[in-house]
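The chain contents come next:
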Amino acid sequence: MKLKRIGFLIVSCVLGATIIGLLVYNAVNNKDFWVLSLSQGLTLSIAIIIAFYASQFRNDERKLKEITEKLLYKLQKYINSEIFVDVGEFDKREVLTNNKKISNVIDSISKCSSSFHIKDDLNYIKDEFKEYKSFVGDHIEDKEYLKKSKAEYQKIASNIDSKCDSIIISLYK
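Residues numbered from 1 in each chain as written. Predicted model: local features only at pLDDT ≥ 70, side-chain atom pairs only at ≥ 80, totals over all residues. Heavy atoms only, no water.

Draft legend 1. How the structure looks around the overall build of the chain. For the chain, the helix and strand inventory stands at eight helices and zero strands. Beginning at the N terminus, the succession of helices and strands in the chain can be written as α-α-α-α-α-α-α-α. Counting the 173 residues in the chain, one finds 28% classified as buried. Counted over contacts in the chain with a minimum sequence separation of 6, partners at least 24 positions apart contribute 71%. Charge-centre separation for the chain: the mean point of 27 positive side chains lies 7 Å from the mean point of 23 negative side chains. (Helix = DSSP H or I, 4+ residues; strand = E, 2+ residues; numbered from the N terminus. Buried < 20%, exposed > 50% of the residue type's maximum accessible area, 1.4 Å probe, protein only. Contact = heavy atoms within 4.5 Å. Lys, Arg positive; Asp, Glu negative; His and termini not counted. Charge placed at Lys NZ, Arg CZ, Asp CG, Glu CD.)

See below:
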């Protein structure tokens with residue numbers, strides 16, 4: 001990713017320097033260089049306006065998709081963490097803190113859900129997480145039971161993880 005940016009920066013700098021060099025050369029050697037007719041000025045202005053509009057078109061929507069995608073990846077990271085699957089190995093405070101982080105991420109994603117028609121998928125994630133929280137909440141004091149129920153948490157984590165992948169794919173359809 002960084003290599004791509006560096007390459008883009010180098011190409012942009014070389015191209016910019018070449019254009020500036022040509023402009024300076026033409027300004028010095030061509031006495032009519034700064035003469036501009038009304039039609040040329042109007043054409044240039046229209047071209048600049050169209051280029052600006054084209055570059056900014058749907059930019060906010062693209063940024064919102066990127067933010068939603070990052071939040072989904074963050075949710076996947078929390079869901080696939082040891083503290084989510086191996087609940088019995090961690091103390092109550094850590095488990096509750098992790099659950100709060102997950103709830104916050106889900107709430108943040110839900111703010112974007114209406115824009116991208118992912119409400120049904122997000123409701124599925126909410127229902128799965130609600131089931132997880134209810135199950136853990138009912139047995140938070142019984143560490144042995146939580147350790148034995150690891151398969152149930154893995155199933156829930158897998159369901160949520162798969163749904164996150166599905167949402168990410170649907171964002172760019």
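Draft legend 2. Expanded view of helix α5 (residues 92-116). Between its first and last C-alpha, α5 extends 36 Å over 25 residues, near the 36 Å set by a 1.5 Å rise per residue. At S110, α5 is deflected by roughly 30 degrees, the largest bend along its length. Listing the buried residues of α5 in full gives V95, N98, N99, I102, S103, V105, I106, I109, C112, S113 and F116. Next to the buried residues of α5 lie α3 (59-79), α4 (82-85), α6 (119-138) and α8 (150-171). (Expected span 1.5 Å × (residues − 1). Bend = angle between axes of the 7 residues up to and from the residue.)

Draft legend 3. Layout of α6. Over its 20 residues, α6 extends 28 Å from the first C-alpha to the last, a length consistent with the 28 Å expected when each residue adds 1.5 Å. Along α6, the positions that sit buried rather than exposed are D121, L122, I125, E128, F129, Y132 and V136. The arc enclosing the buried residues of α6, seen along the axis, measures out at 125 degrees, which places them on a common side. Those residues of α6 that are exposed and angled more than 90 degrees off the buried face are D120, K130 and D138. On the buried face of α6, the contacting elements are α3, α4, α5, α7 (143-148) and α8. (Arc of directions from axis to C-beta.)

Draft legend 4. Representation of the nonpolar core in the model. Judged by nonpolar contacts, the single largest core of 32 residues is most densely connected at L75, F84, I102, I109, Y132 and I160. No other element matches the eight residues that α8 contributes to this core. Not counting residues within four places of it along the chain, the set of residues in contact with I109 comprises T68, L71, L72, L75, I118 and L122. (Core = buried A, V, L, I, M, F, W, Y, C linked by side-chain atoms within 4.5 Å.)

Draft legend 5. Spatial organisation of the packing of α3 against α8. Taken N-terminus to C-terminus, the directions of α3 and α8 make an angle of 165 degrees; their axes are 10 Å apart at the nearest point. On the basis of their axis angle, the class for α3 and α8 is roughly antiparallel. Here α3 runs over α8; the crossing is left-handed. Every residue of α8 that contacts α3 at K65, T68, E69, L72, Y73, L75, Q76 and I79 is listed here: A157, I160, D161, C164, D165, I167, I168 and L171. For the contact of α3 with α8, the residue count by class is ten nonpolar, two polar and four charged. (Axes fitted to C-alpha atoms, helices over the stretch in contact; angles between N-to-C directions. Parallel < 35°, antiparallel > 145°, perpendicular 65-115°, else oblique. Left-handed = near helix turned anticlockwise from the far one by under 90°. Nonpolar A, V, L, I, M, F, W, Y, C, P; charged D, E, K, R; others polar.)

All quantities given are derived from atomic positions and should not be read as evidence of function.
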